[in-house]
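# Examining the three-dimensional arrangement
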Amino acid sequence: MSKTDTSETGRAAEEAAGAQLSTAPQEETVVGGPTLGVVGWIRWFWRQLTSMRVALILLFLLSLGAVPGSLIPQTSADELKVQAFKDAHKTLTPLYEKLQFFDVYSSVWFSAIYILLFVSLIGCIVPRSWQFVGQLRSRPPGAPRRLDRLPAYTTWRTEAEPEQVHEAALTLLKGRRFRAHTAGNAVAAEKGYLREAGNLAFHVALIVMLVAFAWGQLFKSEGGKLIVEGDGFSNTLTQYDDFKSGSQFGTDELEPFSFKLESFNGTYEKNGPQRGTPRTFEAAVSYSQGGADKKAVIRVNEPLKVGDSKVYLIAHGYAPVVTVKDGRGKTVFHGAVPLLPIDNNITSTGAIKVMDGYRDKNGKKEQLGFQAFFVPTFAGAGKGTMFSQFPALDFPVMALTGFHGDLRVNSGLPQNVYQLDKSKMTQFTDASGNKLAQRMLPGETMTLPDGAGSITFEKDVKEWASFQISQQPGNGLALAGAIAAIAGLTGSLFIQRRRVWVRAVRGEDGVTVVEMAGLGRSESAKLPEELGDLAVALTVQAPPAAEAVPETAEEPAEDPAPSGEADK
Amino acid sequence: MILAATTNESLARMSDLLIYSSMAVYTLAFFAHIAEWVFGSRSKVGRTAAALTQQAPAAAPAVTVQVKKAGGTTVLDKPKVVTRSAAGTRDVPDGPGAAGGTVQGDLYGRIAVSLTVLAFLVEASGVVARALSVQRAPWGNMYEFSTTFSTVAVGAYLGFLLAKKNVRWIGLPLVTTVLLDLGMAVTWLKTPSDQLVPALDSYWLWIHVSTAIFCGAVFYIGAVATLLYLFRDSYENKLATGGNPGSFARSVLERLPAAASLDKFAYRVNAAVFPLWTFTIIAGAIWAGDAWGRYWGWDAKEVWSFITWVGYAAYLHARATAGWKGRKAAYIALIAFGCFLFNYYGVNIFVSSKHSYAGV
Ligand code: HEM
């Protein structure tokens, strides 16, 4: 707004012309708090909170607040990494913990920022919506006194009567879907209300999305399950390896279904520099929801949808089949043992635990444990490495070491199924006192010393796949919000809200002077173009007077910054 | 099951060759632009100072409907509409462009644009050849993102030129950046053409990554305009307050469009891609929902996309907030673009994220 403008009345008229082109809250120029006691303070605070400036600051804080979470490991994403970080940074850790830097996105301060932002948003949206409804019911404001000060302006002289011109302008503008009416000695028209509607819809959609996310967080459930080929799973809490749920989730809400992993198929790049890079992962499953079995294939990007639940393929690995016999030749363990990959070529490790049924050669009850190290593609004997060379099952080899004693599975402590607790175990040694260890091909057997039995690596290596089964309500709502947000935003940014005035006045010489002007919420090249089009259309009814009017630079010299108020 | 389509080696080699060739042509375009600026500096234009020191702006003709006599009937031209800039902005004409109105400068400018068109065609064929060689969208790793990115940026620029927008001033900075981008792509980010890992093998790749690259390219153009706006704005401020800008500013900045025009251009560009960027993030979330079993996991890439989005939202807000229009809003736009860049280079290379692509 130009300070040098002195024609107060003119300015007021222009301000009125541009008023309410948007429902954006006006900035209050009053600085400092009120003197009105508690209610006054609350009102003051509320007004601050719902002002554009504070919204801007909160947006800024929101993005700033999101930064640490992307640079510091987060518990929600990777607990192991957080632990590693804590171990490596002994001095920083207490500070970070105090600042909740390991849980940024659920921290008090981050929540405070977005809750304030959304309170501000609601506080902003409600009055803006009312204002907009008011605007829709009222008529566009009358023409300012000086149309030639507006951002787009044109004029000509015509023989037509002013009333005729007004009539024609009204018809023309209405025909082009302007809201138009005659106010005083001019026609006032406005178009592009959808911009404001779009903007409001966008902000409301943001709230809808937030509500959907919050809803999803409260009622979601998510669990993991590792399944070996041929095995199945039914969706009850006890069957999960691990399970997380939102605070409002009830276990009876688990979708009743079961599925069985028929087979898993992984292929890998065989040649070139990307040798070993995975190409396809497919889990063939059959599932049922109480009725008949259906078949499906779950891929990395294609979860299986059963009711409200989705089953995602998360990871895979190998499960060699082993048979353990005691000294009398009785089979005490037979089954596929899933092993955990430790590198991209699926070098895997794990433990085989024989908990019941084993008796040593004296008939004493004991437990056996084996540490397994497995490679799907062995480098070859004498190559000096026990790491896998390729992720597919080209040359499987398993190395085992055996222990006997107490596995301590009943010690009450939760035990990692992939690790042996060797504190109460003794390692088998061979006749010469060396620790017993053997590298085995499929079909080979390692005999335990002193008639303690044997373990056989069967000619069968199964694959396992791990799945995540999640249920998250509110996704549909979030998606609807997202689509509404984009639609509203598009309307808000691409539609111009603008006003057009047409004034026709009989000049002193008896010829009618037509003036047209346009004002948009922001400057746009389209506005003058549209005004030109309208003017051409209007000249059909109000043809220019025959004699060409000399071009006179009659505009009075004035302030170089015209006060079009176009940006208000 | 998709059996990995074997890489077509000769197509891949051809793609490399085309990318290198386009770099050579861009280099020529770069020198032609330099020549344009050098020859243009001989012009002595001082419109800005003239406009700013005059008490009143050159008054625009007020009566502009023209009547032509043609064969006895009156044919009406489109009435000329007088435009005025908005309150609070300076009424300054645009500079004459890099060529400064000189014939020789203009010639070199035209040569530069022609070379840019050629380089663009060569580079685009390189990208297409790469896609054909692997029979998939050419967006599997950073080398491919980078080459596509500069192709799209140049394509957008040529599109603006074709639409007769006043954007030739962006030619030199654009070609310079394209050369930097391609230089980095062929040296540090080079990845032999190959298949995708299963997580990337989805039709969402086409949707999400193409829009992301497009947004980046257009945001880049907006950022250049914003940066030049800041320079040009200080220059105009200096002139308006009777200061004496240095000779470099007088020569180079004088030839740029007026600060108000640059600002408006930057706003339009940024505002126009913002909904698409919103869409990109949502598409990414849907894909993540299918690939990883969660829509939003605050992964580093997701966080920085979000930060970029909020940054641009702040920019749009700032422009509607009293006291934040103009330079402050421009700084926010630059920060937002900085976040975009960090999301691309920083997150891909330095931060461990689920979005770690095959070979960088
Ligand atoms: C959740 C945070 C918010 C986001 C992401 C957001 C985003 C946006 C975006 C992208 C625009 C640009 C659309 C346009 O220019 O027409 C916009 C405009 C607008 N926003 Fe927000 N907004 C948020 C919160 C708020 C709040 C709290 C307020 C209230 C103070 C607000 C008031 C406005 C207004 C009045 C406009 C229109 C400005 C104009 O007419 O140009 N927004 N918002």
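All figures in this text were calculated on a predicted structure; none of them were measured in a lab.

From N to C terminus, chain B includes 10 helices and three strands. In chain B, the succession of α and β elements from N to C terminus is α-α-β-β-β-α-α-α-α-α-α-α-α. Burial analysis of chain B (360 residues in total) assigns 56% to the buried set. For chain B, long-range pairs separated by at least 24 residues make up 82% of all intrachain contacts whose partners lie at least 6 apart in sequence. Carbon and sulfur atoms make up 67% of the accessible area of chain B, which totals about 14,800 Å².

Moving on to the overall build of chain A. The helix and strand inventory of chain A stands at 10 helices and 22 strands. When each of the 568 residues of chain A is scored for burial, the buried share is 48%. Once local pairs closer than 6 in sequence are excluded, the contacts in chain A between residues at least 24 apart make up 65%. Only carbon and sulfur atoms are counted for the fraction: they give 57% of the accessible area of chain A, which is about 27,600 Å².

Here the focus is the sheet that holds strand β2 (residues 179-183) of chain A. Strand order in the open sheet formed by six strands is β2(A)-β3(A)-β21(A)-β22(A)-β1(A)-β3(B), with antiparallel pairing between adjacent strands. Lying at the two open borders of the sheet, with one neighbouring strand each, are β2 of chain A together with β3 (82-83) of chain B. Pairing analysis gives nine bridges linking strand β21 (residues 498-506) of chain A to strand β22 (residues 512-520) of chain A, with the strands arranged antiparallel. Paired with R503(A) across the bridge in β22(A) is E515(A). Sitting on the sheet, helix α10 (residues 526-539) of chain A is in contact with β1 (152-158), β3 (186-191), β21 and β22 of chain A together with β3 of chain B, with an inclination near 150 degrees to β22(A).

Here we take up the environment of E222(A). By the secondary structure assignment, E222(A) is in strand β4 (residues 221-228). Taking the C-alpha atoms as reference points, E222(A) and E508(A), 286 residues apart in sequence, are found 82 Å from one another.

Moving on, we come to the coordination of the iron atom of the ligand. Listed as protein donors to the iron atom of the ligand are H203(A) (NE2) and H317(B) (NE2); their distances from the metal cover 1.9 Å. Metal-centred angles of 75 to 178 degrees between the six donor atoms at the iron atom of the ligand mark the site as octahedral. Linking H203(A) in helix α8 (residues 193-219) with H317(B) in helix α9 (residues 300-318), this pair reaches from one chain into another. Overall, H203(A) belongs to the buried group, its relative accessible area being 9%.

This part is about the state of the cysteines. Linking two cysteines covalently through their sulfur atoms gives a disulfide. All names here are of chain B. Evaluated as defined, the whole model comprises zero disulfides over all chains. In this model C215 remains outside any disulfide bridge; the closest cysteine sulfur is found in C339, 15 Å from its own. The exposure class assigned to C215 is buried, which follows from its relative accessible area of 0%. Given a relative accessible area of 11%, C339 falls into the buried group.

Moving on, we come to the domain arrangement of chain A. The domain boundaries assigned to chain A delineate domain 1 (37-131), domain 2 (140-191 + 496-546) and domain 3 (221-471). For domain 2 of chain A versus domain 3 of chain A, the separation of C-alpha centres amounts to 81 Å.

The rules behind each value
Residues numbered from 1 in each chain as written. Chains lettered and ligands numbered in written order. Predicted model: local features only at pLDDT ≥ 70, side-chain atom pairs only at ≥ 80, totals over all residues. Heavy atoms only, no water. Helix = DSSP H or I, 4+ residues; strand = E, 2+ residues; numbered from the N terminus. Buried < 20%, exposed > 50% of the residue type's maximum accessible area, 1.4 Å probe, protein only. Contact = heavy atoms within 4.5 Å. Areas by Shrake-Rupley, 256 points an atom, 1.4 Å probe, with all protein chains shown as cover. Pairing = 2+ DSSP bridges. Axes fitted to C-alpha atoms, helices over the stretch in contact; angles between N-to-C directions. Donors = N, O, S within 2.8 Å, 3.2 Å for Na, K, Ca; no water. Tetrahedral: all angles 85-135°; square planar, octahedral: opposite > 155°, others 65-115°. Disulfide = S-S within 2.5 Å. Domains from an automatic or database assignment.

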